[in-house]
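What follows is each chain in one-letter form.
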Amino acid sequence: MERITIDIVSDIVCPWCYLGKARLELAIADVQDEIGVDINWRPYRLNPEHPPEGVDHQRHLAEKLGGKDAMERAHGMLTELGEEVGIRYNFEAIKIGPNTLDAHRLLHWALMEGREAQDRVASALFKANFEEGRNVGDHAVLADIAEACGLDRKVIENLLKTDADKDTVLSEIDAAQKMGVNGVPFFIIDGQYAVSGAQTPDVLSNALREIAKLKGEARKSMI
């Protein structure tokens, strides 16, 4: 069985990233008998200018999308797409548009516990923001999520009080942008293939099969 690593460049407040995650999980389930997949979550910030306390999300997004009607149309479409893959978007519940630097630091620390821990935290962060309307820039919320996902709450609380790993996260974002990532989700497969956007499960599973095939052929040619 071939093993493939997928680096997912995303932001916790990106609804398309949440959709992309759910669609990728369906694609992985489709190929699980043929291909092993390891996932790393990589940081990106859609709103790096947001202050630590966040902004009025509804007002900011309406301005960004060109008005309340445009925002509601976008939300309606995403709600329908989300229902297809088991996501229950609750856009009206989101009051604060957070700065996501600390959420990305939490994901960074979770990876130190292993990929499964990081994936649990990513799932919990998306769900907290998009389904529960919780402020994922708030340290208490982040500590709650960390604890629920099996991390040491006290350690996370103490780390959040410091600047630990801020430079690491920001340098990862900078590296992604220098690679040409200017929108998310962005999937980097085995460090050399790129898939941009929340593609449908069949597109993703076909890409995984094709890359696994190329990987197998390349290995055989080296023998």
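Residues numbered from 1 in each chain as written. Predicted model: local features only at pLDDT ≥ 70, side-chain atom pairs only at ≥ 80, totals over all residues. Heavy atoms only, no water.

Examining the environment of F130
Then, number 1: With respect to the helices and strands, the residue F130 is situated in helix 5 (residues 115-130).
Then, number 2: Residues F130 and N90, spaced 40 residues apart in sequence, show a C-alpha to C-alpha distance of 5.8 Å.
Then, number 3: Each residue touching F130, except ones within four places of it in the same chain, is listed here: I12, V13, C14, P15, Y18, R88, Y89, N90, F91 and I94. (Helix = DSSP H or I, 4+ residues; strand = E, 2+ residues; numbered from the N terminus. Contact = heavy atoms within 4.5 Å.)

Notes on helix 9 (residues 201-222)
Then, number 1: Here helix 9 is 22 residues long and its end C-alpha atoms lie 32 Å apart, about the 32 Å a rise of 1.5 Å per residue gives.
Then, number 2: Taken as a whole, helix 9 has its buried residues at L204, S205, A207, L208, I211, A212 and G216. Buried positions in helix 9, seen along its axis, are confined to an arc of 165 degrees and lie on one side of it. Exposed residues pointing more than 90 degrees away from the buried face of helix 9 are listed as K220 and S221.
Then, number 3: Its buried side turned inward, helix 9 meets strand 1 (2-10), helix 1 (15-31), strand 2 (35-43), strand 5 (186-189) and strand 6 (193-196). (Expected span 1.5 Å × (residues − 1). Buried < 20%, exposed > 50% of the residue type's maximum accessible area, 1.4 Å probe, protein only. Arc of directions from axis to C-beta.)

Focus on the nonpolar core
Then, number 1: Grouped together as the largest cluster of nonpolar side chains are 60 residues, with contacts concentrated most on I6, V121, L125 and L208.
Then, number 2: Broken down by element, this core gets its largest block of residues, eight residues, from helix 1.
Then, number 3: Contacts of L208, omitting those with residues within four sequence positions, involve I4, I6, I28, V31, I35, V37 and I189. (Core = buried A, V, L, I, M, F, W, Y, C linked by side-chain atoms within 4.5 Å.)

Focus: the packing of helix 4 (residues 101-113) against helix 8 (residues 166-178)
Then, number 1: Direction vectors running N to C along helix 4 and helix 8 enclose 100 degrees, while the axes themselves pass 9 Å from each other. Accordingly, the angle class assigned to the pair helix 4 and helix 8 is roughly perpendicular. On helix 8, the residues that touch L101, D102, H104, R105 and H108 of helix 4 are K166, T168, V169, L170 and E172.
Then, number 2: Considering only residue class, the contact of helix 4 with helix 8 consists of three nonpolar, three polar and four charged. (Axes fitted to C-alpha atoms, helices over the stretch in contact; angles between N-to-C directions. Parallel < 35°, antiparallel > 145°, perpendicular 65-115°, else oblique. Nonpolar A, V, L, I, M, F, W, Y, C, P; charged D, E, K, R; others polar.)

As for the pairing of strand 6
Side chains on a regular strand alternate between the two faces of the sheet.
Then, number 1: Of the strand pairs in this sheet, strand 5 and strand 6 are connected by four bridges, and their pairing is antiparallel. Among the inter-strand pairings, I189 is bridged to a residue of strand 6, identified as Y193.
Then, number 2: Counted between consecutive antiparallel strands, the loop separating strand 5 from strand 6 contains three residues, among which D190 sits at a positive phi close to 55 degrees. (Pairing = 2+ DSSP bridges.)

So yeah, pure geometry; function would need other evidence.
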